[in-house]
Amino acid sequence: MNTSRVASPNQTLFNDILVSYVLRLADSPLILAQRLCEWCGHAPELEIDLALSNISLDLLGQARNFLSYAATLYGTNHGTEVDEDKLAFGREEREFRNLLLVEQPNGGFNDTLARQFFIDAYHILLYQALGQSQDPQLAAISNKSLKEVEYHLRFSRGWMIRLGDGTEQSHEKMQNSVNQLWRFTGELFHCDEVEQQLAEVGIAIDPRTLYEPWQQIVKETFLQAALNIPEGIPYRQGGKQGQHTEHLGYILAEMQFLQRTYPNCNW
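Residues numbered from 1 in each chain as written. Predicted model: local features only at pLDDT ≥ 70, side-chain atom pairs only at ≥ 80, totals over all residues. Heavy atoms only, no water.

Participant: So what exactly am I meant to see when it comes to a nonpolar patch on the surface here?
Facilitator: Side chains of Phe257, Leu258 and Tyr262 sit close together on the surface and give an oily, nonpolar patch of about 340 Å² of accessible area. As for its placement among the helices and strands, Tyr262 is situated in the segment after α10 (257-261). (Patch = residues over 30% accessible without salt bridge, like charges linked within 9 Å, V, L, I, M, F, W, Y side chains within 5 Å. Areas by Shrake-Rupley, 256 points an atom, 1.4 Å probe, with all protein chains shown as cover. Salt bridge = Lys/Arg side-chain N within 4 Å of Asp/Glu carboxyl O. Helix = DSSP H or I, 4+ residues; strand = E, 2+ residues; numbered from the N terminus.)

In structure tokens form, the structure reads like this:
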């Protein structure tokens, strides 16, 4: 990407900010893909097993595209050769920039479903907006990813309605899952200096602009699902700055085991 059009007294600093933002876009689908693959062979029924596996593969593909772009930017900026594998398997916990929501445990299918719905509704709005980014690579990745997350949202929204408006037991479980995960949704729309600086030059999206349309998707879905929006205000955040819950360390221990045990191994 040619960033010479961006007025910045320190191009290196600007590029580092862009790398940080791209890693945020990469890490959330990467960690969520790892979470979803834990369902393989354990989902409630075969159709759901296949659907979650396919969604996991879609998310992994999105993560790879963003990680590859981040690696190119980093290498150009610092003269150090890195690739998507090094970024995925070589970073420490505090270096990951994923949203806290995606690292939460799978729990039951109801917990996985509520987590998926919240992030799907967010992703579809994010990629729609990023498709107009002044950064052509971010726009291209987002437009490609949009086709996939449209399916993801149809899947998670359909099951939210089916279970929320199903039996008394399924309704109670879905409402409990929504109540437990609601506290992590506020971080989706928290804007810090990284996003603000890049949004001002048309590269990133100010996540605050996505809040109202996301709320509308949630309200419409919950109305059909007979679910209630929790009264509490979402309050957990910090993942985008590298401050995670205790769950991420366990995810990385499994995900990075092979590369850390046998560095630079390949098939």
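From this point, the narrative continues.
Participant: Quick question: what am I supposed to make of the packing of helix α2 (residues 46-78) against helix α4 (residues 109-130) here?
Facilitator: When two helices pack together, their arrangement is captured by the angle between the axes and the distance separating the axes. α4 packs onto α2 with a crossing angle of 40° between their chain directions and a minimal axis gap of 13 Å. Here α2 is positioned oblique relative to α4, judged by the angle of their axes. The two elements α2 and α4 cross, and the hand of that crossing is left-handed. Contact with α2, carried on its side by Ile48, Leu52, Ile55, Leu59, Gln62 and Phe66, involves Phe109, Gln116, His123 and Tyr127 of α4 and no other residues of that element. (Axes fitted to C-alpha atoms, helices over the stretch in contact; angles between N-to-C directions. Parallel < 35°, antiparallel > 145°, perpendicular 65-115°, else oblique. Left-handed = near helix turned anticlockwise from the far one by under 90°. Contact = heavy atoms within 4.5 Å.)

Participant: Would you explain the nonpolar core in this entry?
Facilitator: Grouped burial of nonpolar side chains is what soluble globular proteins tend to show. Ranked by internal contacts, the top residues of the largest apolar core, which has 81 residues, are Tyr21, Phe118, Tyr122, Leu126, Leu138, Leu198 and Trp214. Once residues within four sequence positions are removed from consideration, Leu126 is found in contact with Tyr21, Leu25, Ile205 and Leu210. (Core = buried A, V, L, I, M, F, W, Y, C linked by side-chain atoms within 4.5 Å. Buried < 20%, exposed > 50% of the residue type's maximum accessible area, 1.4 Å probe, protein only.)

Participant: Teacher, can you tell me more about the state of the cysteines here?
Facilitator: By definition, a disulfide is the covalent link that joins the sulfur atoms of two cysteine residues. Within the structure shown, the criterion is met by zero disulfides. Looking at Cys40, it has no disulfide partner, and the nearest cysteine sulfur is the one in Cys37, 7.8 Å off. (Disulfide = S-S within 2.5 Å.)

Participant: So what exactly am I meant to see when it comes to the environment of Arg35 here?
Facilitator: Following the sequence through the fold, Arg35 ends up in helix α1 (residues 11-37). Separated by 110 residues in the primary sequence, Arg35 and Ser145 have C-alpha atoms spaced 19 Å apart. The residues touching Arg35, leaving out its near neighbours within four places in the chain, are Val102, Glu103, Gln104, Pro105, Asn106, Arg115, His247 and Ile251. Looking at Arg35, its side chain comes within polar contact range of the main-chain oxygen of Glu103, at 3.0 Å. (Polar contact = N/O pair within 3.5 Å; in protein donor to acceptor, adjacent residues only side chain to side chain.)

Participant: How do you make sense of the pattern of salt bridges when you look at a structure like this?
Facilitator: Any two side chains of opposite charge can pair if their charged atoms end up close together. The full count for this structure, using the stated rule, is nine salt bridges. Arg91 is the salt-bridge partner of Asp27, the closest N and O atoms lying 2.6 Å from each other. Here the residue Asp27 occupies a position in helix α1, and Arg91 occupies one in the loop between α3 (84-89) and α4, the gap between them amounting to 64 residues. Both residues of the pair, Asp27 and Arg91, count as buried. Of the charged contacts in the structure, one is a salt bridge between Glu195 and Lys240, with a shortest N-O distance of 3.1 Å. Taken as a pair, Glu195 in helix α7 (residues 193-200) and Lys240 in the loop between α8 (211-225) and α9 (247-255) lie far apart in primary sequence, 45 residues in all. You can call Glu195 buried: its relative accessible area is 5%. For Lys240, a relative accessible area of 4% translates into the label buried.

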